[in-house]
Amino acid sequence: MADPFALGVAFEEAQDPDDRTRRGAWFTPAAVARLLVDRALSAWSGPRPPRVVLDPSVGGGAFLLAAHERLPEARLVGIDIDAGAVAVTDEALAGAGATDVVVVHGDGLDPSSTPEGADLVVGNPPFLSQLRTATTRDDDRRVRLRGWYGEAAEGYVDESGLFVLAVSRLLSPGGVAVLVVPEALLATGSAARMREEVSSRCGVEVVWRDTDGVFPGVPTCALLLRRVRRGGVEGARTGGDSWAALLADDVPLVADPVPGATRTVGDLATATADFREAYYLVADHVREARPGHDDPRITPVGLIDPAHHRWGATTVRFAKQRWERPVAVDLPPAFLATRSGPKLLVATQTKVLEALVDTVGDMLPTTPAITVRTDRPWHVGAALTSPVLTALAARRHAGAARTRTALKLSAAQVLALPLPDDGPAWDAAAEAFRAAHDTTGPDERTHLLQRCGASMWTAYGLEADPAATGWWSDRLPRR
Ligand SMILES: C[S@@+](CC[C@H](N)C(=O)[O-])C[C@H]1O[C@@H](n2cnc3c(N)ncnc32)[C@H](O)[C@@H]1O
């Protein structure tokens, strides 16, 4: 017969787009399914080949077809919530000559419809973000998931995270799984309970990253889980707190905890991030600045560079328009009171941590900028601007931002970053950071930021790492 993978492709293309979005039905190309099955098999260390292979959201059957090519003797089990997908997979597997096949129409998250003790699990579970209306679960489903997965199913955890959890439970001891997931799952707080439980029974690795845009729009990777064998450890177990470091191979390694760190930003500062509501409120009050104005200067993250406020030097998009010198007029006094005054602004969704001191107190940051208040803005700003903290944050929080090269931290995560003891090196860094604010040329500013960075290595009690400094320096904006 014709290529059995082609049946799934034709089926996927024929689906209603809304229905497809609701079920997260984006199938995996044959080449990627084959590659990931091979990754799973190379992690298999059992005394015999895997006997039962499962895909709990089987779609057109790409993963089971790839598994059948490598393991013609294995039983193939597939589940899908879509009856059409079940029929297509059945037909495709029959066409490929597989005979030991069970494809079930059901919910892959329902423990009563999944087999116990699968040796190998492969697949690409549906990505159903709970922050998008089209894919939000209804109350019924919320209650059911809570019953099956307890606290891990509370809040906004993406459905794909619950598939990872389900798979970690049903893998046989020594079993291996490879699952395609959104990278955000490795870092986001909403999946923390899932990660904790999975880490308690499995070693976790990243074995593939979608650098070619196979799944457009969402940074995607493949996780490998190895279920710990009874009475022994199979593969290193990963800390459940965050798996972000698994994505950060290309980020220079900075010891975490930092040996010379005695406290955190939270010991010297408070930090807040505005909600979307504040953005909409400011959007209703934006104007172009008149000469001689003294209105708060609206400062979206695009106008925050390290030690450099770009307001007035470039145009910026805000509230669906482009502005030259945006200010906010007639804001409610109570709203303004909590936002004015000297502060440190920290941009996120950027390639390095970018801190800027507002000595006058007239900058009005908008989401996702973070406002840090401290008596020692130059010192805290110097630390935040250092290569040490950018590398550390990139490892701690990889995968959380909208793009692969960007960093995204919450206010609480900024407060948890380490600070060193007082000393001359930190003072020198703070001085260079302050001087960088006063320069107008990008070269001089870069030079001062590099001096600040060099002193911060010493302040943290670390040997300056030229590779890490170079990596950070290449990412600094120069404008
Ligand atoms: C991203 S597609 C992947 C399909 C296949 N594993 C592949 O990689 O080609 C996700 C599939 O999950 C199915 N699905 C969505 N929710 C499900 C659920 N709760 N249980 C089982 N399947 C589900 C969809 O119908 C869709 O076929």
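Residues numbered from 1 in each chain as written. Predicted model: local features only at pLDDT ≥ 70, side-chain atom pairs only at ≥ 80, totals over all residues. Heavy atoms only, no water.

Quick word on the overall build of the chain
Item 1. Summing up its helical and strand segments, the chain has 17 helices and 21 strands in all.
Item 2. Oriented by its inertia axes, the alpha-carbon framework of the chain measures out at about 80 × 50 × 40 Å.
Item 3. The buried share of the chain, reckoned over its 479 residues, is 54%.
Item 4. Within the chain, residue pairs in contact and separated by at least 24 positions form 75% of the contacts whose partners lie at least 6 positions apart.
Item 5. Summed over its atoms, the accessible surface of the chain is roughly 21000 Å², and 52% of this surface lies on carbon and sulfur atoms.
Item 6. Side-chain charges in the chain split into 51 positive and 61 negative, and the spacing between the mean points of these groups amounts to 2 Å. (Helix = DSSP H or I, 4+ residues; strand = E, 2+ residues; numbered from the N terminus. Buried < 20%, exposed > 50% of the residue type's maximum accessible area, 1.4 Å probe, protein only. Contact = heavy atoms within 4.5 Å. Areas by Shrake-Rupley, 256 points an atom, 1.4 Å probe, with all protein chains shown as cover. Lys, Arg positive; Asp, Glu negative; His and termini not counted. Charge placed at Lys NZ, Arg CZ, Asp CG, Glu CD.)

Some thoughts on the site of the ligand
Item 1. Residues in close proximity to the ligand total 22 residues, the closest being Arg23, Thr28, Ser57, Asp80 and Gly108.
Item 2. Contacts to the ligand include Thr28, whose side-chain N or O atom sits 2.5 Å from an oxygen atom.
Item 3. Take Ser57: an N or O atom from its main chain is 2.8 Å from a nitrogen atom of the ligand.
Item 4. Summarising the interface, the protein chains cover 98% of the accessible area of the ligand, which totals 590 Å² for the free molecule.
Item 5. Across the shell around the ligand, the residue classes tally to 9 nonpolar, 7 polar and 6 charged. (Near = heavy atom within 4 Å. Polar contact = N/O pair within 3.5 Å; in protein donor to acceptor, adjacent residues only side chain to side chain. Nonpolar A, V, L, I, M, F, W, Y, C, P; charged D, E, K, R; others polar.)

Looking at the domain arrangement of the chain
Item 1. Segmenting the chain into domains produces domain 1 (4-243) and domain 2 (261-475).
Item 2. Centre-to-centre, using C-alpha coordinates, domain 1 lies 39 Å away from domain 2.
Item 3. By the criterion of area lost to domain 2, the three top residues of domain 1 are Glu183, Ala187 and Pro219, representing 57% of everything that side buries.
Item 4. At the junction of domain 1 and domain 2, the tally comes to 0 residue pairs in polar contact (both at pLDDT 80 or more).
Item 5. Looking at the side of domain 1 that touches domain 2 residue by residue, the classes come out as 3 nonpolar, 3 polar and 3 charged. (Domains from an automatic or database assignment. Buried area = accessible area lost by both parts, 1.4 Å probe.)

Topic: the side chain of Lys343
Item 1. Relative to the helices and strands, Lys343 is located in strand S17 (residues 343-347).
Item 2. Judged by its relative accessible area of 3%, Lys343 falls in the buried class.
Item 3. Polar contacts involving the side chain of Lys343 include one to the main-chain carbonyl oxygen of Gly341, which spans 3.0 Å.
Item 4. Leaving out residues up to four positions away in the same chain, Lys343 has contacts with Leu356, Val357, Asp358, Gly361, Asp362, Met363, Pro365, Thr371, Val372 and Arg373.

Some points on the sheet that holds strand S1 (residues 52-55)
Item 1. The strand order across the open sheet built from 7 strands is S3-S2-S1-S4-S5-S7-S6, with neighbouring strands paired in mixed fashion. Strand pairing shows two members of the sheet lacking a second neighbour, strand S3 (101-105) and strand S6 (202-209), which therefore form its edges. Between one strand and the next, the sheet's axes are offset by a mean angle of 15 degrees, whatever the strand orientation.
Item 2. The pairing of strand S4 (residues 118-123) with strand S5 (residues 171-182) spans 5 bridges and is parallel. Residue pairing in the sheet places Val122 in a bridge with Val178 of S5.
Item 3. Its contacts with the sheet put helix H7 (residues 159-170) on S1, S4, S5, S6 and strand S7 (220-227), and the angle it makes with S5 is roughly 170 degrees. (Pairing = 2+ DSSP bridges. Axes fitted to C-alpha atoms, helices over the stretch in contact; angles between N-to-C directions.)

What about the state of the cysteines?
Item 1. Under the definition given, this model contains 0 disulfides.
Item 2. In this structure Cys202 is not part of a disulfide, and its nearest cysteine sulfur, from Cys221, lies 15 Å away.
Item 3. Residue classification places Cys202 among the buried residues on the basis of a relative accessible area of 0%. (Disulfide = S-S within 2.5 Å.)

Structural notes on unusual backbone geometry
Item 1. The peptide bond linking Asp256 to Pro257 adopts the cis configuration, its omega dihedral lying at 10 degrees.
Item 2. Mapping Pro257 onto the fold places it in the loop between S7 and strand S8 (261-264).
Item 3. Cis geometry marks the peptide bond from Thr367 to Pro368, where omega comes out at 10 degrees.
Item 4. Examined against the element boundaries, Pro368 turns out to sit in the loop between strand S19 (363-365) and strand S20 (370-374).

Quick word on the environment of Val286
Item 1. Position of Val286 relative to the elements: it lies in strand S10 (residues 286-288).
Item 2. In the structure, Val286 is positioned 233 residues away from Val53 in sequence and 58 Å away in space, judged by C-alpha atoms.
Item 3. Discounting residues that sit within four places of it in the chain, Val286 has contacts with Ile298, Phe318, Trp323, Pro326 and Val327.

What about the sheet that holds strand S18 (residues 354-358)?
Item 1. Taken together, the 4 strands give an open sheet; going across it, the order is S9-S20-S17-S18, and neighbouring strands pair in antiparallel fashion. Every interior strand has two partners, whereas the edge strands, strand S9 (269-273) and S18, have only one. Strand-to-strand twist in this sheet, taken as the mean axis angle between neighbours without regard to direction, amounts to 25 degrees.
Item 2. In the sheet, S9 pairs with S20 via 5 bridges, with the strands oriented antiparallel. Looking at S20, one finds that Ala269 is bridged to Thr374.
Item 3. Lying over the sheet, helix H12 (residues 377-384) contacts S17, S18 and S20, oriented at roughly 15 degrees with respect to S17.

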